[in-house]
Amino acid sequence: MNLYLFAVLGAFVFSGAICAFLIPKILLVSYKRKLFDFVNERKQHKGIVPRLGGVAFVPSIIISGALVYGFGTLLMGQVTVRGFSTPKVALTLCALFILYLEGIADDLVELGYKAKFGCQFLSASLVVCSGIFINNFYGLFGIEAIPLYIGIPFSIGLLMFIINALNLIDGIDGLASGLSIVSLFVLGFLFFYIERYAYAILAFSALGTLIPFFCYNVFGDVERHHKIFMGDCGSQVIGLVLGLLAIRLSMDFGVKDIVHLPNSLLVAFSVLLVPCFDALRVMCNRMMKGKNPFFADATHIHHKCLAIGMSHRTAMLFILMVHSFFIMLNLALMSFADVHLILLLDIALWVALHRWLNFLRRSKTKQEEAKKHDVQLSIDTYSDDSDNE
């Protein structure tokens, strides 16, 4: 176990160092070539900021993983790693590179939705073809084992949904990366706990990559050219990694000599609850209003937080606290509570949270309207007094 612990820590350190080296170079090129995310009516930021931070993600993840495996083999000889197999690695790398290249192209020239969904479908299909797909519901909705002809298309659609969910919630500084950091840490820890070390290494490689990016994204100074966004390239790649890890953690391994998690399906997707619940709610609301579910608006949870007067950083921290709360709640309940009870509790708390945010937003709107009315009344009164004089 000590060997694998060093491998996981090494992947984390290597990926963080590589990303920290690459981001300043990406910033330099972005400013020289004027590759910016310009402000418009939908953007929440101020000033011109590059959005190519995600370009550093895939190289950092792959190089760090390769270094750990390469040096581990040289120093310790050929080592068998649970979860490591050539087909899974090859097809997953193909999926990552397809989404990576599509994301870069989209950040540079803005691809159409057909090209984006086509690449997402191809990447998700490659991951599923590698043998990573939902194969058991563990009694959720009364369903146990799932046949391949249902599990495979369901998993492809689920992966595409997760990719887009993380992309959609990437609306304020540090939110998507912060949510991903928390999720990747929990997933990495759980994979290490059940002794699937290859996936723990992947999780901590992605985690290490996001740490320096988070610092540049949240604390970077626009005037000093230190701020950067992850762009669609980054959010889609991290969404694919998170979806891949969550599905793999939820799978019925069919092996008796490893540790199994109770309610593993719900535990696995607890780490994605906030972005997935938010995307599902927003899409359903748009369709109920007869709009395109992917039509951009200001109804995400971070928009509501900003509307009630939170600053960008406060909103980000608040949502990260909500995200962490849901994860800890589900992990605490997983060993003794019924899976349906946990799911109903999650939904009830999520609905209650949004009702509270809606109440605060309505109250704030009424207060602003009352202030405007008082100001207008004062102006009218002053005008009347002036006319009488």
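Within each chain, residues carry numbers counting from 1 in the order of the written sequence. Residues qualify for local features only when their pLDDT is at least 70, as the model is predicted, and side-chain atom pairs are given and counted only at 80 or more; totals for whole chains, interfaces and linings, by contrast, use all residues. Think of the side-chain values as coming from all heavy atoms in the structure, minus any hydrogens and water.

Concerning the environment of A298
The criterion, for reference: Helix and strand labels come from DSSP, where a helix needs a run of H or I of at least four residues and a strand needs a run of E of at least two; each type is numbered from the N terminus. Two residues form a contact once any of their heavy atoms are found within 4.5 Å.
Within the secondary structure, A298 is located in the loop between α10 (273-288) and α11 (301-307). Taking the C-alpha atoms as reference, A298 lies 9.4 Å from V282; in sequence the two are 16 residues apart. Residue contacts for A298: discarding those within four places in its chain leaves H303 and R361.

So, helix α2 (residues 57-76)
For clarity, the threshold we go by: Multiply 1.5 Å by the residue count of a helix minus one, and that product is the helix's expected span. For every residue, the accessible area obtained with a 1.4 Å probe (protein chains only) is divided by the maximum for its type, and the residue is called buried under 20%, exposed over 50%, and partly exposed between those limits.
Compared with an ideal rise of 1.5 Å per residue, which puts 20 residues at 28 Å, α2 spans 28 Å between its outermost C-alpha atoms and is within 8% of the ideal. Taken residue by residue, α2 has F57, V58, S60, I61, S64 and V68 as its buried positions. Its buried side turned inward, α2 meets α1 (2-33), α3 (86-109), α7 (197-219) and α8 (231-250).

Structural notes on the pattern of salt bridges
Formally: What counts as a salt bridge is simple: a side-chain nitrogen of Lys or Arg found within 4 Å of a carboxyl oxygen of Asp or Glu.
Per the counting criterion, the structure on display carries 5 salt bridges. Its salt-bridge partner being D232, residue K116 comes within 3.1 Å of it at the nearest N-O pair. Here D232 lies in helix α8 and K116 lies in helix α4 (residues 113-129), a separation of 116 residues in the sequence. With respect to burial, K116 and D232 carry one shared label: buried. The residue D278 makes a salt bridge to R281 at a minimum N-O spacing of 3.1 Å. In this pair, D278 and R281 both sit in helix α10, 3 residues apart, roughly one turn of the helix. As far as the burial class goes, D278 and R281 line up, both buried. Three or more residues joined by partner-sharing salt bridges are found here, namely D106, K116 and D232.

Side note on the packing of helix α5 (residues 148-168) against α8
The following threshold applies: For helices, the fitted line uses only the C-alpha atoms of the stretch in contact; every axis is such a line through C-alpha atoms, and the angle between N-to-C directions lies from 0 to 180 degrees. An angle below 35 degrees is read as roughly parallel, one above 145 as roughly antiparallel, one from 65 to 115 as roughly perpendicular, and any other as oblique. A clockwise turn of the near helix away from the far one marks a right-handed crossing, whereas an anticlockwise turn of less than a right angle marks a left-handed crossing. Three classes are used, and their members are as follows: Ala, Val, Leu, Ile, Met, Phe, Trp, Tyr, Cys and Pro are nonpolar, Asp, Glu, Lys and Arg are charged, and the others, Gly among them, are polar.
Closest axis-to-axis distance for the α5/α8 pair is 8 Å, and the angle between their directions is 135°. Between α5 and α8, the angle falls in the class oblique. Note that α5 runs across α8; the crossing there is right-handed. Counted together, S155, L158, L159, I162, I163, L166 and N167 of α5 and D232, S235, Q236, I238, G239, L240, L242, G243, L244 and I247 of α8 form the full contact between these two elements. Of the residues that constitute the contact of α5 with α8, the class distribution is 10 nonpolar, 6 polar and 1 charged.

As for the packing of aromatic side chains
Think of a pair of aromatic rings as described by two things: how far the centres are apart, and how the planes are tilted against each other in angle. Threshold: Here a Phe, Tyr or Trp ring, Trp counted by its six-membered ring, pairs with any other such ring whose centre lies within 6.5 Å, and the pair is stacked when the planes are under 30 degrees apart, edge-to-face when over 60, and tilted otherwise.
All chains considered together, the criterion is met by 13 aromatic pairs. Seen in terms of ring centroids, F318 and W356 are 6.2 Å apart; in terms of plane orientation they differ by 45°. Their pairing is tilted. Placement of F318 in helix α12 (residues 312-333) and of W356 in helix α13 (residues 339-388) is noted, with a sequence separation of 38 residues between them. Among the aromatic side chains, those forming a connected cluster through ring pairs are F277, F325, F326 and W350.

As for unusual backbone geometry
A positive phi is found at E195, a non-glycine position, where the angle reads about 70°. Secondary-structure assignment places E195 in the loop between α6 (175-193) and α7. The class of E195 is partly exposed, set by a relative accessible area of 24%. Look at H225: it is not a glycine, yet its phi comes out positive at around 60°. Looking at the secondary structure, you find H225 in the loop between α7 and α8.

Scope: geometric values only; no functional claims are made or implied.
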